[in-house]
Amino acid sequence: MAAYHKALDHYLQVAGNRIGSKLFLDKNGLCILRTDNGQREYVVELPKNSEVVYFYSPICRVPYGCSEEFFEKILELNLCGIAYNQATFGLDAKTQNVVLSYTRPMEALDEVAFSNILSNFIKTADRAERDLVKLVRGLMEQTSLTEDDIDMEMKTHRTVSNNGKLKV
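A. Up close: the overall build of the protein. Secondary structure summary: the protein contains four helices and five strands in total. The linear arrangement of helices and strands in the protein, starting from the amino end, is α-β-β-β-α-β-β-α-α. Going through the 168 residues of the protein one by one, you find that 31% of them count as buried. Partitioning the contacts of the protein with sequence separation of at least 6, the portion at a separation of at least 24 is 57%. Just so you have it, the protein exposes about 11200 Å², and 52% of that area is on carbon and sulfur atoms.

B. Examining the environment of Gly16 more closely. Here Gly16 lies in helix H1 (residues 2-19). Looking at Gly16, the relative accessible area reads 1%, which means it is buried. In sequence terms Gly16 and Leu118 are 102 residues apart; their C-alpha atoms lie 9.8 Å from each other.

C. Region of interest: the sheet that holds strand E4 (residues 88-92). Within the open sheet, the five strands sit side by side as E1-E2-E3-E5-E4. Their pairing is antiparallel. Of all strands in the sheet, those with a lone pairing partner are strand E1 (30-34) and E4, marking the two edges. The sheet shows a mean angle of 25 degrees between the axes of neighbouring strands, direction not considered.

D. Structural context of the side chain of Arg40. In this fold, Arg40 is placed in the loop between E1 and strand E2 (41-45). By relative accessible area, Arg40 is classed as buried at 7%. Polar contacts involving the side chain of Arg40 include one to the side chain of Glu129, which spans 3.1 Å. Beyond its immediate sequence surroundings of up to four residues, Arg40 is in contact with Leu33, Arg34, Thr35, Ser57, Pro58, Ile59, Ala125, Asp126 and Glu129.

E. Molecular detail of empty space enclosed by the protein. Summed over all chains, the structure comprises one cavity of 30 Å³ or more. Considering the residues around the largest cavity, the lining is formed by Ala15, Arg18, Ile19, Ser115, Leu118, Ser119 and Ile122. For the lining of the largest cavity, the secondary-structure elements that each account for two or more residues are H1 and helix H3 (111-143). No other element matches the four residues that H3 contributes to the lining of the largest cavity. Broken down by class, the residue content of the lining of the largest cavity amounts to four nonpolar, two polar and one charged.

Rules used in this analysis
Residues numbered from 1 in each chain as written. Predicted model: local features only at pLDDT ≥ 70, side-chain atom pairs only at ≥ 80, totals over all residues. Heavy atoms only, no water. Helix = DSSP H or I, 4+ residues; strand = E, 2+ residues; numbered from the N terminus. Buried < 20%, exposed > 50% of the residue type's maximum accessible area, 1.4 Å probe, protein only. Contact = heavy atoms within 4.5 Å. Areas by Shrake-Rupley, 256 points an atom, 1.4 Å probe, with all protein chains shown as cover. Pairing = 2+ DSSP bridges. Axes fitted to C-alpha atoms, helices over the stretch in contact; angles between N-to-C directions. Polar contact = N/O pair within 3.5 Å; in protein donor to acceptor, adjacent residues only side chain to side chain. 1 Å grid on protein atoms, 1.4 Å probe; cavity = no way out; pocket = protein on both sides within 12 Å on 5 of 7 lines; lining within 4 Å. Points joined across faces, edges and corners; volume = space filled by probe spheres on them. Nonpolar A, V, L, I, M, F, W, Y, C, P; charged D, E, K, R; others polar.

In structure tokens, the structure reads:
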């Protein structure tokens, strides 16, 4: 297993040279890449005694007010892995973040394969974030009350109250 740690650290260094960033595995088997503004994070992890490399990235928080519809759409997106290059969405229960993740066995990797996977995962995670931002906006518009909706509710309430001889 130590050989996998050493090999992955080497692959990260090669990939880092390719993208212009110093990448390495820390003692916990983690490598965290952050965008220049620190808003986006991509993680490569090789857990202790594991033969599998995990790529994951927090995409967005679970939206308040439309979580049921949101999770329904997320499950639909997970159904067909082609949309996000076999990466899948999951929930980090601690942070309430939706996370995009992808796994690959170490024995299937070399310098080139790893660099390509990392590059593609970053692009895929960025696209997933854009897609989910659009999804959340659409769901929020569908589930949010507009002033017209509120006016209509108030008119209905007044009509019901006046018919029942109650005054508002």
